[in-house]
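# Reading the structure
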2 protein chains.
Amino acid sequence: MRKKLDQEQANYIIDVCASANLRTVSGSLTQLYNHLLKPTGLKITQYYMLGNIYTSPDISISKLGEMMLLDQTTVTRNLNILNDSGYVQIKRAKQDSRTKVVTITELGYDKLNEATPIWAQVQEQIEGSIGKAEYMDLLKKLKALQKAIDEFKS
Amino acid sequence: MRKKLDQEQANYIIDVCASANLRTVSGSLTQLYNHLLKPTGLKITQYYMLGNIYTSPDISISKLGEMMLLDQTTVTRNLNILNDSGYVQIKRAKQDSRTKVVTITELGYDKLNEATPIWAQVQEQIEGSIGKAEYMDLLKKLKALQKAIDEFKS
DNA sequence: TTCTATTACATGTATATACATGTAATAGAA
DNA sequence: TTCTATTACATGTATATACATGTAATAGAA
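Treat the numbers as computed from the prediction; the structure is a model and nothing was measured.

Quick look at the protein's contact with DNA strand C now. Taken together, 26 residues lie near DNA strand C, and Thr 45 and Thr 74 of chain A together with Ser 62, Arg 77 and Lys 100 of chain B sit nearest. Within the contact set of DNA strand C, a phosphate oxygen lies 3.3 Å away from a side-chain nitrogen or oxygen of Gln 31 of chain B. Take Arg 98 of chain B: an N or O atom from its side chain is 2.9 Å from a base oxygen of DNA strand C. Here the residues of the surface near DNA strand C sort into three nonpolar, 13 polar and 10 charged.

Our focus in this paragraph is the packing of aromatic side chains. All names here are of chain A. Scanning all chains against the criterion turns up two aromatic pairs over all chains. Ring centres of Tyr 54 and Tyr 109 lie 5.1 Å apart, and the angle between their planes is 40°; on these two criteria the pair is classed as tilted. Here the residue Tyr 54 occupies a position in helix α3 (residues 44–55), and Tyr 109 occupies one in helix α6 (residues 106–130), the gap between them amounting to 55 residues. Each member of the pair Tyr 54 and Tyr 109 is classed as buried.

This paragraph deals with the protein's contact with DNA strand D. Close to DNA strand D lie 26 residues; Ser 62, Arg 77 and Lys 100 of chain A together with Thr 45 and Thr 74 of chain B are nearest. At 3.2 Å from a phosphate oxygen of DNA strand D is found a side-chain nitrogen or oxygen belonging to Gln 31 of chain A. Secondary structure elements with two or more residues in the surface near DNA strand D: α2 (18–37), α4 (61–68) and α5 (72–84) of chain A together with α3 (44–55) and α5 (72–84) of chain B. If you tally residues by element for the surface near DNA strand D, the top one is α5 of chain B, at five residues. Each residue belonging to the surface near DNA strand D can be placed in one class, and the counts come to three nonpolar, 13 polar and 10 charged.

Before going further, it helps to examine the interface of chain A and chain B. Between chain A and chain B, the contact holds 72 residues from the first and 72 residues from the second. Overall, the association of chain A and chain B removes approximately 6700 Å² of surface from exposure, summing both partners, and the carbon and sulfur fraction of that is 67%. The partner of Glu 134 of chain B in a salt bridge is Lys 141 of chain A, with the nearest N and O atoms 3.8 Å apart. For the pair chain A and chain B, the number of links is 24 residue pairs in polar contact (both at pLDDT 80 or more). For the side of chain A that touches chain B, the secondary structure elements donating two or more residues are α1 (7–16), α2, α3, α6 and α7 (132–153) of chain A.

Analysis parameters
- All residue numbers refer to position in the chain's written sequence, counted from 1.
- Each chain gets a letter, beginning with A, and each ligand a number, beginning with 1, in the order they are written.
- Per-residue local features of the predicted model are confined to residues with pLDDT of at least 70, and side-chain atom pairs are confined, for both listing and counting, to 80 or more; whole-chain, interface and lining totals are unaffected and use all residues.
- Neither water nor hydrogens contribute to the side-chain values; these are computed over all heavy atoms in the structure.
- The nearness test applies per residue and asks whether one of its heavy atoms lies within 4 Å of the molecule or strand.
- N or O atoms closer than or at 3.5 Å make up a polar contact, with two conditions inside protein: a donor-capable atom paired with an acceptor-capable one, and, for residues adjacent in sequence, both atoms drawn from side chains.
- Here the term charged refers only to Asp, Glu, Lys and Arg, the term nonpolar to Ala, Val, Leu, Ile, Met, Phe, Trp, Tyr, Cys and Pro, and the term polar to all other amino acids, Gly among them.
- Aromatic pairs are defined between Phe, Tyr and Trp rings, using the six-membered ring for Trp, whenever the two ring centres lie within 6.5 Å; interplanar angles under 30 degrees are classed as stacked, those over 60 as edge-to-face, and all others as tilted.
- In this description a helix means any DSSP run of H or I spanning at least four residues, a strand means any run of E spanning at least two, and both kinds are numbered starting from the N terminus.
- The buried label goes to any residue with under 20% of its type's maximum accessible area, the exposed label to any with over 50%, and the partly exposed label to all in between, with areas taken from a 1.4 Å probe on protein chains only.
- Here, residues are in contact when the closest pair of their heavy atoms is within 4.5 Å.
- Buried area, as used here, totals the accessible surface that two parts lose on assembly, with accessibility defined by a 1.4 Å probe and the loss added over both.
- We define a salt bridge as a contact between a side-chain nitrogen of Lys or Arg and a carboxyl oxygen of Asp or Glu at a distance within 4 Å.

Below you can see the structure in the form of structure tokens.
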């Protein structure tokens with residue numbers, strides 16, 4: 001018979017929970033980025049998706065989802081917003097008309113260039129503040145954590 | 001005159017971006033938790049909020065938001081869902097009728113106890129997989145990053 | 001005491017996200 | 001070649017989240 005949770009244990013959970021710690025920091029950073037990116041009209045998620053599309057021209061919706069670790073339905077919806085702004089072009093693939101291929105437009109590429117200095121400013125501030133080596137180690141640990149999660153899922 | 005972004009630079013950004021790395025890992029872990037918590041009907045965010053309410057009885061909506069680093073309006077909405085499930089009780093404070101105070105219910109406490117073993121299972125798996133000491137160091141770095149973000153915001 | 005500023009919460013709106021499921025098209029078995 | 005299974009994307013629905021703004025109540029100045 002497991003004992004019921006007392007407040008001390010609950011405080012411990014709140015403190016060490018991987019999910020909560022990641023979500024909180026991630027949320028704060030997203031908020032900071034979105035605030036600074038406001039003049040561009042882009043959100044950080046949109047900036048990131050545009051970047052991925054730029055580096056992988058004519059990528060399919062599913063592939064984009066695999067690359068970004070997002071559900072296909074999420075990609076579909078986020079792409080629609082970028083499409084409405086004219087930042088991407090979405091058309092059916094010639095060989096397989098189920099598949100759609102996505103490409104960044106001139107306008108989207110301009111936006112990407114407009115937002116990049118803002119991205120860099122925050123990134124540099126972060127790396128400077130916690131230290132370049134420390135930051136690289138953080139990234140390494142995040143990737144290890146990602147691997148641990150993937151293992152658990154499989 | 002700044003040079004335009006080439007694909008190599010874009011790949012670099014995608015790879016090192018703090019926001020993207022955090023969001024991706026955070027999202028994967030949230031997904032894993034929500035999958036495993038499905039039998040309980042709780043989401044990991046709801047579990048976490050319930051835990052915070054349990055450790056701070058009669059907390060106000062704003063204070064809860066400060067504690068969890070969430071916007072007040074987000075707390076209001078997330079609380080409504082917990083309230084509809086009967087997991088929390090929300091009533092006006094006696095001294096100040098603008099303020100509302102939130103408390104966990106018996107039912108909510110039972111849910112918290114039901115979900116905690118699942119939380120623990122994943123947490124242990126993570127700590128075991130990347131190593132306890134490594135995990136603690138990751139937490140430390142996340143908190144350092146949080147501080148860096150807070151500094152930037154102020 | 002009265003009026004104004006501030007505080008605490010709610011609502012409108014938009015994006016981000018995933019799951020369950022639907023639809024259309026291709027692939028592959030018979 | 002025909003039928004069925006699979007694949008690729010879309011849609012319905014729900015939660016999570018924040019910003020702009022509204023409303024009601026208190027605090028504080030005059």
